[in-house]
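# Per-entry structural report
Spelled out, the chains give:
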Amino acid sequence: MLRARDEESAESAQQALAGLCEAYWPPLYSFLRHRGFSSPDAQDLVQGFFAYLLEQNTLTRADQQKGRLRTFLLGSLQNFLYNEYDRARALKRGGGHQIVSIEEHLPEAEAAMLATAHLSDAGCYDLVWASTIVSRAWDNLQTAFVTEGKAEWLDELRPFVAGGTVATPNQEQAAARLGVPIATLRTWLSRLRQRYRESLRTEVANTVSDPAEVDEELHHLYQILMA
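Residues numbered from 1 in each chain as written. Predicted model: local features only at pLDDT ≥ 70, side-chain atom pairs only at ≥ 80, totals over all residues. Heavy atoms only, no water.

## Quick word on helix 8 (residues 171-178)
What counts here: Relative accessible area decides the class of each residue, using a 1.4 Å probe on protein chains only: under 20% of the type maximum gives buried, over 50% gives exposed, and in between gives partly exposed. Every helix listed is a DSSP run of H or I at least four residues long, and every strand listed is a run of E at least two residues long, numbered separately from the N terminus. An arc is given here, and it is the one of the directions from the helix axis to the C-beta atoms. Distance and chemistry together define a polar contact, namely a pair of N or O atoms within 3.5 Å, with one atom able to donate a hydrogen and the other to accept it when in protein, and with adjacent residues in sequence counting only for side-chain atoms on both sides.
Within helix 8 the residues assigned to the buried category are A174, A175 and L178. For helix 8, the buried positions fall inside an angular range of 100° around the axis, keeping them on one side. Away from its buried face, by an angle of more than 90 degrees, helix 8 presents the exposed residues A176 and R177. One side-chain oxygen of the residue at the start of helix 8 lies 2.9 Å from the amide nitrogen of E172, identifying that residue as N170.

## Observations concerning the packing of helix 7 (residues 151-161) against helix 9 (residues 182-205)
Put simply, the rule is: For helices, the fitted line uses only the C-alpha atoms of the stretch in contact; every axis is such a line through C-alpha atoms, and the angle between N-to-C directions lies from 0 to 180 degrees. The labels follow the angle: roughly parallel below 35 degrees, roughly antiparallel above 145, roughly perpendicular from 65 to 115, and oblique for the rest. By definition in these notes, contact holds between two residues if any of their heavy atoms fall within 4.5 Å. Under the convention adopted here, Pro, Cys and the residues Ala, Val, Leu, Ile, Met, Phe, Trp and Tyr are nonpolar, Asp, Glu, Lys and Arg are charged, and Gly plus all remaining residues are polar.
Close contact between helix 7 and helix 9 brings their axes to 10 Å; oriented N to C, the two are set at 75°. Looking at the two axes, helix 7 sits roughly perpendicular to helix 9. On helix 9, the residues touching W153, L154, L157, F160 and V161 of helix 7 are L185, W188, L189, L192, R193 and Y196. Residues belonging to the contact of helix 7 with helix 9 are distributed by class as follows: 10 nonpolar, no polar and one charged.

## Here we look at the environment of D41
Mapped onto the elements of the fold, D41 is located in helix 2 (residues 39-56). In this structure, the C-alpha to C-alpha distance between D41 and Y29, residues 12 residues apart in sequence, is 9.7 Å.

## Notes on the pattern of salt bridges
Rules: In what follows, salt bridge is the name for a side-chain nitrogen of Lys or Arg lying within 4 Å of a carboxyl oxygen of Asp or Glu.
Summed over the entire model, instances satisfying the criterion amount to nine salt bridges. With a closest N to O distance of 2.8 Å, R35 and D121 form a salt bridge. On the criterion of sequence distance, the pair formed by R35 in the loop between helix 1 (10-34) and helix 2 and D121 in helix 6 (residues 121-147) is long-range, its members being 86 residues apart. Note that E148 and R195 form a salt bridge whose closest N and O atoms lie 2.9 Å from each other. Here the residue E148 occupies a position in the loop between helix 6 and helix 7, and R195 occupies one in helix 9, the gap between them amounting to 47 residues. Given a relative accessible area of 38%, E148 falls into the partly exposed group. Here R195 falls in the partly exposed class, since its relative accessible area comes to 26%. Each of R70, D126 and E217 takes part in salt bridges that share partners, so that together they form one network.

## Let's talk about the packing of aromatic side chains
Spelled out, the test is: Only the six-membered ring of Trp is used, alongside the rings of Phe and Tyr, when aromatic pairs are assigned; centres must lie within 6.5 Å, and planes under 30 degrees apart are stacked while those over 60 apart are edge-to-face, with the rest tilted. Definition used: whenever NZ (Lys) or CZ (Arg) falls within 6 Å of the ring centre and also within 35 degrees of the ring normal, the charge is taken to sit over that ring.
This model, assessed by the stated rule, comprises eight aromatic pairs. With a centroid separation of 5.4 Å and an interplanar angle of 50°, the aromatic rings of Y52 and F80 are classed as tilted. Pair noted here: Y52 is in helix 2 and F80 is in helix 4 (residues 69-89), with a separation of 28 residues, a long-range link. Looking at Y52, the relative accessible area reads 18%, which means it is buried. A relative accessible area of 2% places F80 in the buried class. An aromatic cluster of at least three residues, connected via ring pairs, comprises F49, F50, Y52 and F80. The ring of W129 has R70 lying over it, and the distance from NZ or CZ to the ring centre is 5.0 Å.

## Brief notes about helix 6
Note the threshold: Here the expected span of a helix is defined as 1.5 Å times the quantity of residues minus one.
Helix length check: helix 6, at 27 residues, gives a terminal C-alpha distance of 39 Å against a target of 39 Å (1.5 Å per residue), a fit within 8%. G149 occupies a position one or two residues after helix 6 and carries a positive phi of about 75°.

## Looking at the side chain of S199
Following the sequence through the fold, S199 ends up in helix 9. Dropping the residues within four chain positions of it, S199 is found in contact with A137, N140 and L141.

## Description of the packing of helix 9 against helix 10 (residues 214-226)
As a packed pair, helix 9 and helix 10 sit with axes 10 Å apart at the nearest point and diverge in direction by 110°. Considering their axes alone, helix 9 and helix 10 lie roughly perpendicular with respect to each other. Of the residues in helix 10, those in contact with L200, R201, V204 and A205 of helix 9 are V214, D215, E217, L218, L221 and Y222. Grouping the amino acids of the contact of helix 9 with helix 10 by side-chain chemistry returns seven nonpolar, no polar and three charged.

Following this line, the structure appears as structure tokens:
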């Protein structure tokens, strides 16, 4: 958020804002769908909102003491809907400022929206936010492991760290598939869990203005996912 507010480096600020949009369009889109907007209208509104952030320099006026980017953006979107509704509705899909490509991940966002139908609008937003943070943390970790030539065993060990399977994974079977002793597998798991925690922490740190808030926001994320 601070990088996106950096007026002295336009290129750095643009890259940061692009990353912000990429990370936050799923929860913002899901919030709007939960509010009853159609998929095309929700897409237009998210694009319009991001364009508004750019045009009005909203981030440069944001008070750092207001804290979490998660809550700041949701509040800003609600104000945008109230104050800019007519202008936003006039946007044509694909026209104006297309800040982030939505179509590629649209099926995932729609699935997430349906899975949160029982929640409140804000609860839907929070859950999709948490899921997006977890997904980005794992993607960053996977990129690092591919670079290190460890992609094969990362795929094998993911169920032990990030879940995603119905049945409880078996360490002995995983070790046999990888051709390593069980002790080696457990050492790898310990290191992987540590790196995953670090990657998750980095993603969460990018959403708060005060580093002291990272632990509290991580706790909030865990609460959302365990609910």
